[in-house]
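Report on the structure
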Amino acid sequence: MPLSKICVVLCRPEESRNVGAVCRAMANSGLKNLRIVGKPQDYSDEKVRILAIHAATIWEEAKFYNSITEATSDCSLVAGTTRRFGKKRKNKLLLPEEFAKFAISLEKVAIVFGNERTGLTDEELDECTMGVTIPTDKNFGSLNLSHAVQIISYTLYRAAHQRSPGSVAVPLKRLDITVENITDNLKKIGFFSLTGRPEMERFWRSILSRAALSEGECKYLEKIFDKAAGLSLKNKKN
């Protein structure tokens, strides 16, 4: 996968200079696709350019969105960065090297970085399909935003130059159709109550994005669940 397919997503960054430093960190490793959850008017163009230096074109071409989900709808996988473990922080957090080795074989991948002060909230991390953590000393675990981007970008750069491109995975907006199909059919056979649907959808979205399904695989999976639900309903009538 070309590094141009890697999307760096900054979720509501507060400091314009940090955005500029992120641009420079991305340029060091050949990443160019910057997406920001926020509004353009919230940032000082002058301050961004001071630290971006010769990477200001990344800032000029950055796109702005209202949410992580909106910013990553065309991606096959969305990895949220976090240093905190917990029940709502994904079942497993990958190391940068593990993430890069996996991500570099996909068609388009987003790596999401949270606000400088708070990082990604549980709700924001829930919009991602997997988690990535950068190991740091327990006595001082917080990383500067641009430093975190630099580490992940460099790791992806190294992986991209060591592996050949892989197969094409469907983007999340297409995968969501399969997830809806699965949960619709599970609901038909009484597999879960109405209140359990959101959790079930998050489960399937997370696990299927890591499987990097092709269009054909999505359709085949949908047929399986359609048939399973049909047979179940038929047996109930009998």
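The sections below set out a description of the structure shown in this document. This one's a predicted model, so the numbers in the text were calculated from it and none came from an experiment. (Residues numbered from 1 in each chain as written. Predicted model: local features only at pLDDT ≥ 70, side-chain atom pairs only at ≥ 80, totals over all residues. Heavy atoms only, no water.)

Further remarks concern the overall build of the chain. Within the chain one finds 10 helices and 7 strands. Judged by the C-alpha coordinates and their principal axes, the chain covers about 75 × 35 × 35 Å. A distance of 5 Å separates the average location of the 37 positive side-chain charges in the chain from that of its 28 negative side-chain charges. (Helix = DSSP H or I, 4+ residues; strand = E, 2+ residues; numbered from the N terminus. Lys, Arg positive; Asp, Glu negative; His and termini not counted. Charge placed at Lys NZ, Arg CZ, Asp CG, Glu CD.)

Along the chain, R49 falls in helix α2 (residues 45-52). Here R49 falls in the partly exposed class, since its relative accessible area comes to 32%. For R49 and A21, which are 28 residues apart along the polypeptide, the C-alpha to C-alpha distance reads 8.9 Å. Once residues lying within four places of it in the same chain are set aside, the contact partners of R49 are A56, W59 and E60. (Buried < 20%, exposed > 50% of the residue type's maximum accessible area, 1.4 Å probe, protein only. Contact = heavy atoms within 4.5 Å.)

A few words now on the nonpolar core. Of all hydrophobic cores here, the largest spans 42 residues; its most connected members are L10, L34 and F99. Here this core takes 7 residues from helix α7 (residues 145-160), the largest share from any one element. In this structure L34 touches V8, L10, V19, V22, C23, M26, I58, A62 and K63, once residues within four positions along its chain are discounted. V78, V112, L221 and F225 belong to the second largest nonpolar core, which has 28 residues in total. (Core = buried A, V, L, I, M, F, W, Y, C linked by side-chain atoms within 4.5 Å.)

A few words on the packing of aromatic side chains. If you walk through the whole model with that rule in mind, you get 4 aromatic pairs. Through a chain of ring-to-ring contacts, the aromatic side chains of Y43, W59 and F64 assemble into a single cluster. (Phe/Tyr/Trp six-rings, centres within 6.5 Å; stacked < 30°, edge-to-face > 60°.)

The strand order across the open sheet built from 7 strands is β3-β2-β1-β6-β4-β7-β5, with neighbouring strands paired in parallel fashion. Looking at the sheet topology across the chains shown, the edges are occupied by β3 (63-65) and β5 (93-94). Helix α1 (residues 16-28) contacts β1 (6-11) and β2 (33-37) of the sheet and is inclined by roughly 155° relative to β2. (Pairing = 2+ DSSP bridges. Axes fitted to C-alpha atoms, helices over the stretch in contact; angles between N-to-C directions.)

For the rest of this paragraph, the subject is the pairing of β1. The buried fraction of β1 is high, at 6 of 6 residues. Residues I6, V8 and L10 of β1 are buried on one face, and the alternating residues C7, V9 and C11, pointing to the opposite face, are buried as well. Relative to β2, β1 is paired through 5 bridges, and the arrangement is parallel. Directly across from V8, in β2, lies its bridge partner L34. Taking the sense of rotation as the criterion, the β-α-β connection linking β1, α1 and β2 turns out right-handed. (Right-handed = clockwise from strand over helix to strand, strands pointing away.)

So, on to the environment of S214. Relative to the helices and strands, S214 is located in the loop between α9 (197-211) and α10 (215-237). Each C-alpha atom, one on S214 and one on V170, is 5.5 Å from the other, the two residues being 44 residues apart in sequence. Once residues lying within four places of it in the same chain are set aside, the contact partners of S214 are V168 and V170.

Moving on, we come to the side chain of S209. Looking at the secondary structure, you find S209 in helix α9. If we ignore the near neighbours within four places in the chain, the residues touching S209 are S76, L77, F102, T129, L172 and L175.

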